[in-house]
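Below are the chains, spelled out letter by letter.
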Amino acid sequence: MRSALGGPRLLLRRLREISAESVSAQARLDKIVVQIAANMVAEVCSVYVLRADQRLELYATEGLNREAVHQTTMHSGEGLVGLIAKSAEPLALSEAQEHPAFAYKPETGEEVYHSFLGVPILRGGNTLGVLVVQNKVRRVYSEEEIEALQTTAMLLAELIASGELQAIEDPRDLALYRPATLRGSPMVEGVGLGHVLLHEPRVVVKQLVAEDISGELGRLEQAIDAMRAAIDELVAHGDRMGAGEHREVLQTVRMVANDRGWVRRLREAVMSGLTAEAAVERVQNDARARMQRQTDPYLRDRLHDLDDIANRLLHQLTGQSYVADRESVPENAIIVARTMGPAALLDYDRKRLRGLVLEEGGPTSHVAIVARALGVATVGLVPGLIDIVETGDPIIVDGSTGEVHVRPQPDVQSAYAEKARLRARRQEQYARLRDVPAITKDGVQIALHMNAGLAIDMPHVHETGAASVGLFRTELQFMLAPRFPRMDEQHRFYKAVLDAAPDRPITFRTLDIGSDKILPYMAKIEEENPALGWRAIRIGLDRPGLLRMQIRAMLKAGADRDLRIMFPMIANVAEFEAARAIALRELDHIKRHDYSPPRSLRLGAMVEVPSLLWELDLIAERADFLSVGSNDLVQYMYAADRDNTRVSKRYDNLSPPVLRALERVAEAGRRANTPVTLCGEMGGRPLEALALLAIGYRSLSMSPSAIGPVKSMILNVDLDEAQVFLATLLAADDGAPSVREKLRDYALSRNIPL
Ligand code: PEP
Ligand code: MG
């Protein structure tokens, strides 16, 4: 077998010299293909570049017909070159024309060449083009030669990405710069226009060719050692881990970092003449390309881990910080991350953030909870985004539709700018309603409360003019903590929340974990149906130690104040009684130990398990207040998982069965003189809120951003008339699955803003 002339090191050195010459980009590319052909002892060397329209264009050739340059094009997937671009894998053939994908291009005159070796030109897992060598004789290309050509392709990738080909074509024509629209899962409402800020910035490797191979090997070894030590340190000191970096993740990372095959490939890449950084990039490119084709989720994850490590290693080698420098966050930053711990998001300056896009992480991920609290437009589940963006690229995030526009065209840009302006204007109008009481046109006063779960939510109480915090989801704090919060930590937290709104009542809900709300530091229990499983008050009653600790912390925090606590997922009166007994015992304990007890203690039950609908009078009598969790109540009534997009929208909240059930709860509250609030998401949507008022609700708790829209609906409604209208609709009993359309038409006809 023949080996390449002079080897890859010599070639790389020659290519670097050519790159430094001050000639046009086309001339440089022409010289490069000549060099590669000579070095590989091939008659042909050609470079194809992927254009924005997804066609591959012949950009330079040695050996094929020169007239074909910039004339011959093929689409990705067409012919051998297209196959390589599509698969992002090298292809070596001793008889190209026998390959089923071979497509003959007469203008190139390539029919006389038999053997063919092509490799993708990759950058960040993205295919920018294809590099090909061909020989007249039938021959088998060695592994070494394939590797050498891949390394050479890296150099070309830099040339393409650096915009140096500008002289040849407008770089905007290249695939690398094309506008792209990706669709993900909407996570936090809002529109963000700005520029990409990669949460884990990519290291741009400038120096590809090694001056001193043994020196580079030494740098590589040192960086690997330092990186391993840093990971070991993180695993050993779990307490200091960011909430996104849990032990399991780090252990996987450590496993990969110790993988011998990986380290061997890195060494080989350096031996072939690359700097340590370039070697990491080379190996990472291969891994990324493989990852993009991988459909097995487990293997994909493992390759992701590899990518993570490569990134850490690159940062180690260049001494750059592993995560974006928070101090220098530009204005209008849109953070792009694969995943992100919630604490990491809190580290960024909120004022500069316009949006967040995550490759992984759905609406229930922890970072989504924080993003929601911060009001940052967020889209999740956008695979492949990181590979096609660079820090600084213009980007638009639409948190309502889940669309992400990368390098948008001017018309998209201006449409969204208009959308954002309208939104801002509407927000201003809502802000002006802050101190206006929520009273209907016919004089019925409605109490609007706010849902919260984090300390950062609390300023919204004042901004929105909410009457109180009607639901404080305490589990969020537990989900963000690196380990189970101790009693004094809980005490401090609840006190800080109460102090943040001294003049408004706060209804704390005890831990509602289980189902989708997982505490990462608690042993995970495999359940067939987690939503129907061991969760919320069920855990509280079976592990009373946890519930007692939480209640005690709340009672202490509520010293000399009015304190309200409610229990989630109460399925029957007996459960409420058991929970209440625990709370009263704790109150007793507080008093006996000379702590100041709260001035008053009100204990409530959430109505969100349908069984309670048949014990309504009893629960209304026993509880100090009721709060309807319509999110869960509706999911259980319809047996349709609220987080499963296939079924979550299948049934409508505004259906006769749901409205009748909700009406019963409001009636039972009135009979027993027990206050009833509804705190599920439907209370925050103007049309649904209108229906709720019409069936008797006078108190709703919702996310802060919903208060303005719901209040402006209330100010414009004649409730007496709306009540009659909805009652007539429900009385029709016509089997319609929803009254939404009719109610909306009614609202529109009355100019009620929705
Ligand atoms: C509900 O179920 O409606 C509710 C308010 O609680 P969560 O969404 O936290 O389950
Ligand atoms: Mg619930």
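Given the structure is predicted, the values throughout are model-derived calculations rather than measurements. (Residues numbered from 1 in each chain as written. Chains lettered and ligands numbered in written order. Predicted model: local features only at pLDDT ≥ 70, side-chain atom pairs only at ≥ 80, totals over all residues. Heavy atoms only, no water.)

Concerning the overall build of the protein chain
This is how it is decided: Labels follow the DSSP assignment, with helices taken as runs of H or I lasting at least four residues and strands as runs of E lasting at least two, numbered in each case from the N terminus. Contacts: residue pairs with any heavy atoms within 4.5 Å of one another. Note on areas: Shrake-Rupley with a 1.4 Å probe; residue coverage comes only from the protein chains shown.
Check the secondary structure of the protein chain and you find 26 helices and 22 strands. On the principal axes, the C-alpha backbone points of the protein chain span a range of 95 × 60 × 45 Å. The contacts in the protein chain between residues at least 6 apart in sequence include a share of 67% that link residues at least 24 apart. Accessible surface for the protein chain amounts to roughly 32,500 Å². Of this, 50% is attributable to carbon and sulfur atoms.

Topic: the sheet that holds strand β14 (residues 403–406)
Pairing between the strands of a sheet comes from backbone hydrogen bonds, and it takes one of two forms, parallel or antiparallel. Quick reminder of the rule: Strands are labelled as partners when DSSP assigns at least two bridges between them. Comment: axis = line fitted to C-alpha atoms, over the contacting stretch for helices; angle = value between 0 and 180 degrees taken between N-to-C directions.
With respect to topology, eight strands assemble into an open sheet ordered β7-β14-β13-β9-β10-β11-β12-β8, the strand pairing being mixed. Each edge of the sheet is formed by a strand with only one pairing partner; in this case those strands are β7 (180–183) and β8 (185–188). Across the sheet, the mean angle separating the axes of adjacent strands is 30 degrees when strand polarity is ignored. Summarising the sheet, strand β13 (residues 394–398) and β14 pair through four bridges and their orientation is antiparallel. Residue pairing across strands places D398 opposite E403, the latter belonging to β14. Each of β8, β11 (353–358) and β12 (377–380) is contacted by helix α11 (residues 366–374), which is oriented at about 50 degrees to β8, the strand it contacts most. Along the sheet face, helix α13 (residues 410–432) touches β9 (191–198), β13 and β14 and points at about 120 degrees away from the line of β9.

A short note on the coordination of the magnesium ion (ligand 2)
Under ideal tetrahedral coordination, the four donors around a metal are separated by 109.5 degrees; under ideal octahedral coordination, the six donors are separated by 90 or 180 degrees. Put simply, the rule is: Listed donors are limited to N, O and S atoms within 2.8 Å of the metal, widened to 3.2 Å for Na, K and Ca; water is not among them, so incomplete-looking sites are possible. Only protein chains enter the accessibility calculation, which uses a 1.4 Å probe. A residue is then buried if its area is under 20% of the maximum for its type, exposed if over 50%, and partly exposed in between.
Protein-derived coordination of the magnesium ion (ligand 2) comes from E608 (OE) and D632 (OD), at a distance range of 2.0 to 2.1 Å. With a gap of 24 residues between them, E608 in the loop between β19 (600–607) and α20 (616–622) and D632 in helix α21 (residues 630–637) connect regions that are remote in the sequence. Its relative accessible area of 2% is what places E608 among the buried residues. On the basis of relative accessible area, D632 is assigned to the buried category, the value being 3%.

Remarks on the site of ligand 1
We count it as follows: A cutoff of 4 Å decides nearness: a residue is near a molecule or strand if any of its heavy atoms lies inside that distance of it. Between N or O atoms, a polar contact is any pair within 3.5 Å; within protein, one atom must be a potential hydrogen donor and the other a potential acceptor, and residues adjacent in sequence are included only when both atoms are from side chains.
The immediate surroundings of ligand 1 are formed by 14 residues, with R473, R509, G629, N631 and R642 found nearest. A distance of 2.8 Å separates an oxygen atom of ligand 1 from a polar atom in the backbone of N631. The separation between an oxygen atom of ligand 1 and a polar side-chain atom of D632 is 3.0 Å. Isolated, ligand 1 exposes 290 Å² of accessible area, and the fraction of that covered by the protein chains is 99%. For the shell around ligand 1, the elements supplying multiple residues, two or more each, are β16 (469–473) and α21.

Description of the pattern of salt bridges
For clarity, the cut-off: Take a side-chain nitrogen of Lys or Arg and a carboxyl oxygen of Asp or Glu: if they are within 4 Å of each other, that pair is a salt bridge.
According to the stated counting rule, one finds 47 salt bridges in the structure shown. The residue E189 makes a salt bridge to R423 at a minimum N-O spacing of 3.3 Å. Taken together, the residues span a long stretch of sequence, with E189 in the loop between β8 and β9 and R423 in helix α13 at a distance of 234 residues. Put simply, E475, R509, D512, R535, D632 and R642 are held in one network by salt bridges that share partners.

Here we look at the domain arrangement of the protein chain
Rules: Each domain span listed reflects an automatic or database assignment of domains.
Partitioning the protein chain into structural domains gives domain 1 (8–177), domain 2 (180–201 + 325–424), domain 3 (213–318) and domain 4 (433–749). Taking the mean C-alpha position of each, domain 1 and domain 2 sit 36 Å from one another.

Quick word on helix α24 (residues 704–715)
Heads up, the condition is: Here the expected length of a helix is defined as 1.5 Å per residue gap, with one fewer gap than residues.
Counted at 1.5 Å a residue, the expected span for α24 with its 12 residues is 16 Å, and the 18 Å between its end C-alpha atoms agrees. Counted residue by residue, α24 has 10 buried out of 12 residues, so it is predominantly covered. Listing the buried residues of α24 in full gives P704, A706, I707, G708, P709, V710, K711, S712, M713 and I714.

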